[in-house]
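Residue-level listing of the chains:
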Amino acid sequence: MSGAPHLVVVGVGKVGTDVVTLACQTGLFRRVSLIDIDEAKARAIALDQHHAQGVSLVPAAVVEASGYEACRTADVIIVAAGPSILPDAHGRLPSDARNRLAVTNAAVIREVMAGISAHTHEAFVIIITNPLDVMVHIARTEFDYPDELVCGTGTALDSARLRRVIADRVGVDPASVSAFMLGEHGATAFPHLSGASVASVPWADVPAVMGVGEIDAEQLRQQVVTEAFDVLHGKGWTSTGIAAAACSLAESYVLDRKTVAPVCTGVAGRYGIEGDASASLPAVVGARGIERRLEVPLSELERRQLSESLEAIAAVYETVRP
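Summarised in this report is the structure supplied together with it. Please read these numbers as outputs of a predicted model, since none were measured by experiment. (Residues numbered from 1 in each chain as written. Predicted model: local features only at pLDDT ≥ 70, side-chain atom pairs only at ≥ 80, totals over all residues. Heavy atoms only, no water.)

Remarks on the overall build of the protein
Then, in step 1: Secondary structure summary: the protein contains nine helices and 16 strands in total.
Then, in step 2: Here the C-alpha radius of gyration of the protein, 19 Å, is about what a compact globule of 322 residues would show, namely 20 Å.
Then, in step 3: Taken over the C-alpha atoms alone, the protein extends approximately 55 × 50 × 45 Å along its principal axes.
Then, in step 4: Relative to its 322 residues, the protein shows a buried fraction of 51%.
Then, in step 5: The long-range fraction of contacts in the protein, counting pairs at least 24 apart against all pairs at least 6 apart in sequence, stands at 71%.
Then, in step 6: Entry remark: accessible area of the protein is about 13900 Å², with carbon and sulfur atoms responsible for 52%. (Helix = DSSP H or I, 4+ residues; strand = E, 2+ residues; numbered from the N terminus. Rg over C-alpha atoms; globule rule 2.2 N^0.38 Å. Buried < 20%, exposed > 50% of the residue type's maximum accessible area, 1.4 Å probe, protein only. Contact = heavy atoms within 4.5 Å. Areas by Shrake-Rupley, 256 points an atom, 1.4 Å probe, with all protein chains shown as cover.)

What follows is the structure, given as structure tokens:
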């Protein structure tokens, strides 16, 4: 890895722009290259970030519009290309809205990965584009790119929402909550409550120790899944949370933090899963990318929920299989 880390962001729409802003604010990257089909927009966003560095709170970095040749020296590449979820003609957002982007965004990811792999096989590629699990599977399996250097943000944001919801109910800081959402980044995501804890208190003991009523697991799952749509309905898009999740993974890679996160990677071999598949399960993220894929204990219910997630992901991938 270079002494002055270089980030490339592919796709600078609403999500990609938030990624650029957060990445610049961390001061972690000394060079940030922006790639977008709208080159004028990429140049404008780069100039806007350049102006922001005139404020003392913003660390200095070289921010530039570029082409895929920038990937030659990239340490991290965050992919936010492709259209995002939009309401239907009646203003509704169905639960499978992400999956309706599959055909369009599969073409986008294939084009992006072709551009990346033409210039590097050494950068850590973090994918945000939806439907996330299918896009990661395309990137992992259809290009000769090291498997440990490709992942998706997966259920990292879903897990942040889960911790926030639990923290609000229990009345503690989210940092005191240890819990993951697993499986699909979508309607079939499920909370891994058998391994959850609050301030080191096992989940089964949380109601008694924290003085709260029983927390229904299905209601919790539904709240986490639907709150994303609450943001979408009110704001029109989600960008801040997912940008933070992507930048956190980038930081874990650059600083070799060995962070355990529920990223989307290959899951074959875990829990008796046969054949290649991509979904979110806990993994260790460090300087070698995906350094370890963990097989954390799951309850019988959670194993069934994981199977349902894998079936849902596989069904969508069949619609875009080459």
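Looking at the packing of aromatic side chains
To describe a pair of aromatic rings, you give the distance between the ring centres and the angle between the ring planes.
Then, in step 1: A complete count under the given rule lists one aromatic pair for this structure.
Then, in step 2: Residues Phe 124 and Tyr 253 carry aromatic rings whose centres are separated by 4.8 Å and whose planes lie at 25° to one another, so their mutual orientation is stacked. With Phe 124 in strand β5 (residues 124-127) and Tyr 253 in helix α8 (residues 240-254), the pair connects residues that are 129 residues apart, well separated along the chain. (Phe/Tyr/Trp six-rings, centres within 6.5 Å; stacked < 30°, edge-to-face > 60°.)

Re the pairing of strand β4 (residues 76-79)
Then, in step 1: Side-chain alternation along β4 places Val 76 and Ile 78 on one buried face and Ile 77 and Val 79 on a second face that is also buried.
Then, in step 2: The pairing of strand β1 (residues 6-10) with β4 spans four bridges and is parallel. Paired with Val 10 across the bridge in β4 is Val 79.
Then, in step 3: The pairing of β4 with β5 spans four bridges and is classified as parallel. (Pairing = 2+ DSSP bridges.)

Remarks on the pattern of salt bridges
Then, in step 1: Scanning the entire structure with this criterion turns up twelve salt bridges.
Then, in step 2: Note that Asp 276 and Arg 140 form a salt bridge whose closest N and O atoms lie 3.2 Å from each other. Placement of Asp 276 in the loop between β13 (264-266) and β14 (278-280) and of Arg 140 in helix α4 (residues 132-141) is noted, with a sequence separation of 136 residues between them.
Then, in step 3: Assessed through its relative accessible area of 10%, Arg 140 is described here as buried.
Then, in step 4: Ionic pairing is found between Arg 321 and Glu 318, a salt bridge with its closest N-O pair at 2.6 Å.
Then, in step 5: Taking the relative accessible area as the measure of exposure, Glu 318 reaches 46% and is therefore partly exposed.
Then, in step 6: Residues participating in the shared-partner salt-bridge network are Arg 140, Asp 147, Asp 276 and Arg 293. (Salt bridge = Lys/Arg side-chain N within 4 Å of Asp/Glu carboxyl O.)

Observations concerning the nonpolar core
Then, in step 1: Within the largest apolar cluster, 85 residues are counted, with the highest numbers of intra-cluster contacts made by Leu 34, Ile 77 and Ile 127.
Then, in step 2: Counting residues per element, this core draws most heavily on α8, at nine residues.
Then, in step 3: Beyond its immediate chain neighbours, meaning those up to four positions away, Leu 34 contacts Val 9, Val 12, Val 20, Ala 42, Ile 45, Ala 46, Val 63, Glu 64, Ala 65 and Ser 66.
Then, in step 4: Ala 179, Val 198, Ile 215 and Leu 220 belong to the second largest nonpolar core, which has 19 residues in total. (Core = buried A, V, L, I, M, F, W, Y, C linked by side-chain atoms within 4.5 Å.)

With respect to the packing of helix α1 (residues 14-26) against α8
Then, in step 1: Remark: α1 packs on α8, axes separated minimally by 8 Å, with the N-to-C direction vectors making an angle of 50°. Here α1 lies oblique to α8, going by the angle between them. As α1 runs across α8, the sense of the crossing is right-handed. Contacts between α1 and α8 pair Val 15, Asp 18, Val 19, Leu 22 and Ala 23 from the former with Thr 240, Ile 242, Ala 243, Ala 244 and Cys 247 from the latter.
Then, in step 2: Among the residues forming the contact of α1 with α8, the class breakdown is eight nonpolar, one polar and one charged. (Axes fitted to C-alpha atoms, helices over the stretch in contact; angles between N-to-C directions. Parallel < 35°, antiparallel > 145°, perpendicular 65-115°, else oblique. Left-handed = near helix turned anticlockwise from the far one by under 90°. Nonpolar A, V, L, I, M, F, W, Y, C, P; charged D, E, K, R; others polar.)

What about helix α5 (residues 156-170)?
Then, in step 1: Here α5 is 15 residues long and its end C-alpha atoms lie 21 Å apart, about the 21 Å a rise of 1.5 Å per residue gives.
Then, in step 2: Those residues of α5 not exposed but buried are Ala 156, Leu 157, Asp 158, Ser 159, Arg 161, Leu 162, Val 165, Ile 166, Ala 167 and Val 170. (Expected span 1.5 Å × (residues − 1).)

Overview of the pairing of strand β2 (residues 31-35)
Then, in step 1: Taking burial as the measure, the five residues of β2 include four buried ones, the bulk of the element.
Then, in step 2: Of the pairings in the sheet, the one linking β1 to β2 comprises five bridges and is parallel in character. For Val 8, the partnering residue across the bridge sits in β2 and is Ser 33.
Then, in step 3: Between the parallel elements β1 and β2, the chain passes through α1 in a crossover that is right-handed.
Then, in step 4: Bridge count for β2 against strand β3 (residues 62-65) is four bridges, and the pairing is parallel. Residue Val 32 lies in a different strand from β3, and its bridge partner there is Val 63. (Right-handed = clockwise from strand over helix to strand, strands pointing away.)

Examining the sheet that holds strand β10 (residues 197-198)
Then, in step 1: Spatial strand order, β7-β10-β11: three strands in an open sheet with antiparallel pairing. The outermost strands of the open sheet, each flanked by one partner alone, are β7 (177-178) and β11 (201-202).

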